[in-house]
Every structure is written in C-alpha cells, then in structure tokens.
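Understanding the architecture of this molecule
Residue-level listing of the chains:
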Amino acid sequence: MAKFAANLTMLFTEVPFLERFEQAHQAGFKAVEYLFPYAFDAEVLACELKKYGFEQALFNMPPGDWDAGERGFAAIPGREEEFRASVDTALNYALTLGCKKVHAMSGIVDSTFSYQQHVDTFINNIRFAADVFAEHGIELMIEPLNNRDVPGYFISRQRDAVELIKQVDRPNVKLQLDLYHAQIMDGDLSVLIRDLANYTGHIQIASVPDRHEPSEGELNYPHLFNVLDESGYIGWIGCEYNPRTNTQAGLQWVQPYL
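How each quantity is defined
Residues numbered from 1 in each chain as written. Predicted model: local features only at pLDDT ≥ 70, side-chain atom pairs only at ≥ 80, totals over all residues. Heavy atoms only, no water. UniProt positions renumbered as here; feature names shortened; annotations may be inferred. Helix = DSSP H or I, 4+ residues; strand = E, 2+ residues; numbered from the N terminus. Expected span 1.5 Å × (residues − 1). Buried < 20%, exposed > 50% of the residue type's maximum accessible area, 1.4 Å probe, protein only. Contact = heavy atoms within 4.5 Å. Salt bridge = Lys/Arg side-chain N within 4 Å of Asp/Glu carboxyl O.

- Looking at an unreviewed UniProt entry, the chain carries the name Hydroxypyruvate isomerase family protein, with the source organism given as Photobacterium rosenbergii.
- A UniProt comment under Sequence similarities (unreviewed entry) is attached to the chain, and it reads "Belongs to the hyi family."

So this is what it looks like as structure tokens:
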C-alpha cells in the first residue's frame, strides 16, 4: 500500500520551516523529505525527527548557488572538487538524520563543454559519491527534471537516466522517479513504472500540469499507486507539490492512506 512522505519545502509553508515537522505530524505523516537541510544544524533537524517519530526519506546534495539559478553540478566539468566536498557535507547530514537516500542534482548544461564531457563528468562524480555512500548503506538518487520548469537540465527523460545509471554501474545508484516530471517529458506512466521498477529508488508526485495536489489534473493517481504496488515498490512516495490554497485544506486526498 502506498505510503507518503511530506515534502516540508513545499508543504506547510504557512509556518516557518522548523514548525512544519509538527504540522506534518498532526496531519498523520510518518516520514518527511525536503530539498535542502543545510540552513540548519543537522542535530536540530534530528531532534525534530526524533520528537515526532519521523523517518527522513530523502534530501538533496548541495545544489550550488540556487538563487542564481544553479541546480547542482554533478555533470558540470571543472567542478569536480566542489562536488567531492558536497559529498562530505551531504554524508554528514545523512548520518545525523539517519537518511538512507540522497539525491545528487546534475546541473544545467554548460555550453562551454560538449555533451560527452558532461556525461563523463557525471559518471565519474556519481561513481565517487556512490562508493562513499555505499560504505554507510546509503543510496544515491538520480532525478530527471522536465525542461519546461528547468530548461537545459542535464537529464530530462527517465529512460535516459536509467541508461546513465547502467553506465555508472553501482548497485546503490537508483532512479528518483518524479511522476510530475515524467508525465511532462515521457508519458505512458503505467508502462514506464513497470519497465523501470528494478532501477527505481524513490517516487515523488504532484498534479500535472500545475503541480498542485495529486487529486486534480490529468493523472489518475489511485491507478498509478496500484501500478507501483504491482511493480513491487515499497518505499516512500514524496508529496512534492505546491498546495493550491493552504496545505491543510488540500490534504483530503491523502487521508485514506495515512
């Protein structure tokens, strides 16, 4: 049966970040995820997790200068040392938070370099990070982002991500399958979920096209949850959407699952 993690970057934004843990607990969630933990001391976040009995489902590695438009740099030539330093940072947080899944953002393609240079950089960086994380039982997620929201992102299609995962050739490197991005770029989601099941390490959801509650829009999520069950997926499903009004008002869809 589908089980859901509240994405605290996007949900419960009516209150400051540290107060969102309590809000998620009151709503019935048993796990949380968020984009980045680095604005807070890891011990502070760990205390919130312990207070409410949460599992930390996922967070992202440092993305570079987010406000300037950077979206990671795992595939960007010339930033290898920065990437290795970010692995150490993410690992320290993952160990403190007890988090077993970390997402490495690939970055916006730099036209200074060839596509193959991006591929080679990505494979080398991801192998390095995967080997470090493997010593601690941590999986490394790779997520395609649609080119409408994030133009120029290195990976935009799910099957392309899987081909890169095959080239990386590390058992703890998995696909972060966000069904919002996948519907925009790939479609045919029931077949996609089944075909990529052996590579999938984490699922995220939102409505399409507006990225609101999954109870609206063009996707039949109850059907897709059944497909995930049938495919053998037993992990958390991250609720990474922007509530149409306020968070609580839009949570009716998830109550039967919590």
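**Description of helix α4 (residues 115-134)**
- The end-to-end C-alpha separation of α4 is 28 Å, in line with the 28 Å expected for 20 residues at 1.5 Å each.
- The complete set of buried residues in α4 reads His 118, Val 119, Thr 121, Phe 122, Ile 123, Asn 125, Ile 126, Ala 129, Ala 130, Val 132 and Phe 133.
- Buried-residue contacts for α4 involve α3 (80-97), β4 (101-103), β5 (139-142), α5 (158-168) and β6 (173-178).

**Topic: the pattern of salt bridges**
- Summed over the entire model, instances satisfying the criterion amount to eleven salt bridges.
- With a shortest N-O distance of 3.1 Å, Arg 159 and Asp 195 are connected by a salt bridge. Of this pair, Arg 159 sits in helix α5 while Asp 195 is found in helix α7 (residues 189-195), placing the two residues 36 residues apart along the sequence.
- The exposure class assigned to Arg 159 is partly exposed, which follows from its relative accessible area of 39%.
- Relative accessible area serves as the criterion here: at 44%, Asp 195 is assigned to the partly exposed category.

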